[in-house]
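Listed below are the residues making up each chain.
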Amino acid sequence: VGGRLERRSWEGDLLWELDWADDNQHHHHDFAWMPNGNVLVLAWELRTADEAAAAGRVDPQTMWPESITEIEPTLPAGGNVVWEWHAWDHLVQNVDSGLPNYGEPANFPHRIDVNYGAVGGGPGPGGFTSGDWTHANAVDFNPALDQIAIQSKSSGSG
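Residue positions are given per chain, counted from 1 along the sequence in the order it is written. Local features in this predicted model are restricted to residues of pLDDT 70 or higher, and side-chain atom pairs are both shown and tallied only at a pLDDT of 80 or more, whereas totals for entire chains, interfaces and linings draw on every residue. Each side-chain value is derived from all of the structure's non-hydrogen atoms; neither hydrogens nor water enter the calculation.

## Let's talk about the sheet that holds strand β4 (residues 39-45)
Strand pairing within a sheet occurs via backbone hydrogen bonds; the two strands may be parallel or antiparallel. Condition: Between any two strands, pairing holds if DSSP finds at least two bridges. Only DSSP runs of H or I reaching four residues or more are called helices, and only runs of E reaching two or more are called strands; each is numbered from the N terminus. Interaxial angles span 0 to 180 degrees and are taken between N-to-C directions of axes, which are lines fitted to C-alpha atoms, for helices over the stretch in contact.
If you trace the 4 strands from one edge of the open sheet to the other, you get β3-β4-β5-β6, paired in antiparallel fashion. Pairing within the sheet leaves two strands with one partner each, and these edge strands are β3 (25-33) and β6 (79-86). This sheet shows a mean twist of 30 degrees between the axes of neighbouring strands, independent of strand direction. Across 6 bridges, β3 lies against β4 in antiparallel orientation.

Dropping the structure here:
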């Protein structure tokens with residue numbers, strides 16, 4: 001599924017490597033080098049069924065929402081986390097006013113409806129019952145605008 005990044009010379013020599021996969025996070029699909037030499041890593045991060053319920057998910061189950069982490073490489077392996085973005089920090093739900101991020105999703109277009117779409121069915125860390133939720137495929141950095149773009153193929157449909 002992913003989990004390892006490598007930078008090699010034109011001759012094939014390994015210059016740098018990063019393993020970004022464990023029980024709680026898993027790099028997948030894409031990464032982007034930034035002009036400052038850092039790398040943006042697109043990854044899934046684990047959220048338990050209890051966390052999904054606490055966030056207002058109607059059918060709580062294991063979920064793997066997206067995250068983006070900017071890493072400053074340290075040679076020859078690893079790196080320092082410079083910045084992080086987590087989809088889970090940008091949720092909205094209209095199920096329970098007693099839970100965080102309550103509101104009508106249509107009134108919060110800058111947030112992600114925790115109840116939008118199915119969970120699973122994608123090739124996430126657990127296979128086809130993976131908990132893959134938004135399934136992003138690409139991340140990139142636009143230096144002219146100082147913005148990061150992320151592309152989600154299913155926008156929550158699993």
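There's more to say after this.
## Describing the pattern of salt bridges
The following threshold applies: Here, a salt bridge means any side-chain nitrogen of Lys or Arg that lies within 4 Å of a carboxyl oxygen of Asp or Glu. For each residue, the accessible area found with a 1.4 Å probe, counting protein chains only, is set against the maximum for its type, and the residue is called buried under 20%, exposed over 50%, and partly exposed in between.
Overall, the coordinates contain 7 salt bridges when judged by the stated rule. Between E6 and R8 there is a salt bridge, with its nearest N and O atoms 3.0 Å apart. Look at E6 and you get partly exposed, because its relative accessible area is 37%. Salt-bridge contacts for R47 lead to E51; the nearest nitrogen and oxygen are separated by 3.2 Å. Overlapping salt bridges, with partners in common, bring together R4, E6, R8, E17 and D19 in one network.

## Thoughts on the packing of aromatic side chains
Operational definition: Within 6.5 Å between ring centres, the rings of Phe, Tyr and Trp (the latter by its six-membered ring) count as paired, and their orientation is classed by plane angle as stacked under 30 degrees, edge-to-face over 60, tilted in between.
Throughout the structure, instances matching the rule amount to 3 aromatic pairs. Residues F31 and W33 carry aromatic rings whose centres are separated by 6.5 Å and whose planes lie at 90 degrees to one another, so their mutual orientation is edge-to-face. Given a relative accessible area of 32%, F31 falls into the partly exposed group. Taken together, a centroid distance of 6.5 Å and an interplanar angle of 70 degrees make the contact between W88 and W133 edge-to-face.

## Observations concerning the environment of R7
Definition in use: We call two residues in contact when some of their heavy atoms are within 4.5 Å.
Along the chain, the position of R7 falls in strand β1 (residues 4-8). Separated by 70 residues in the primary sequence, R7 and A77 have C-alpha atoms spaced 9.9 Å apart. If near-sequence neighbours (up to four positions away) are discounted, R7 is found in contact with D13, L14, L15, W16 and W33.

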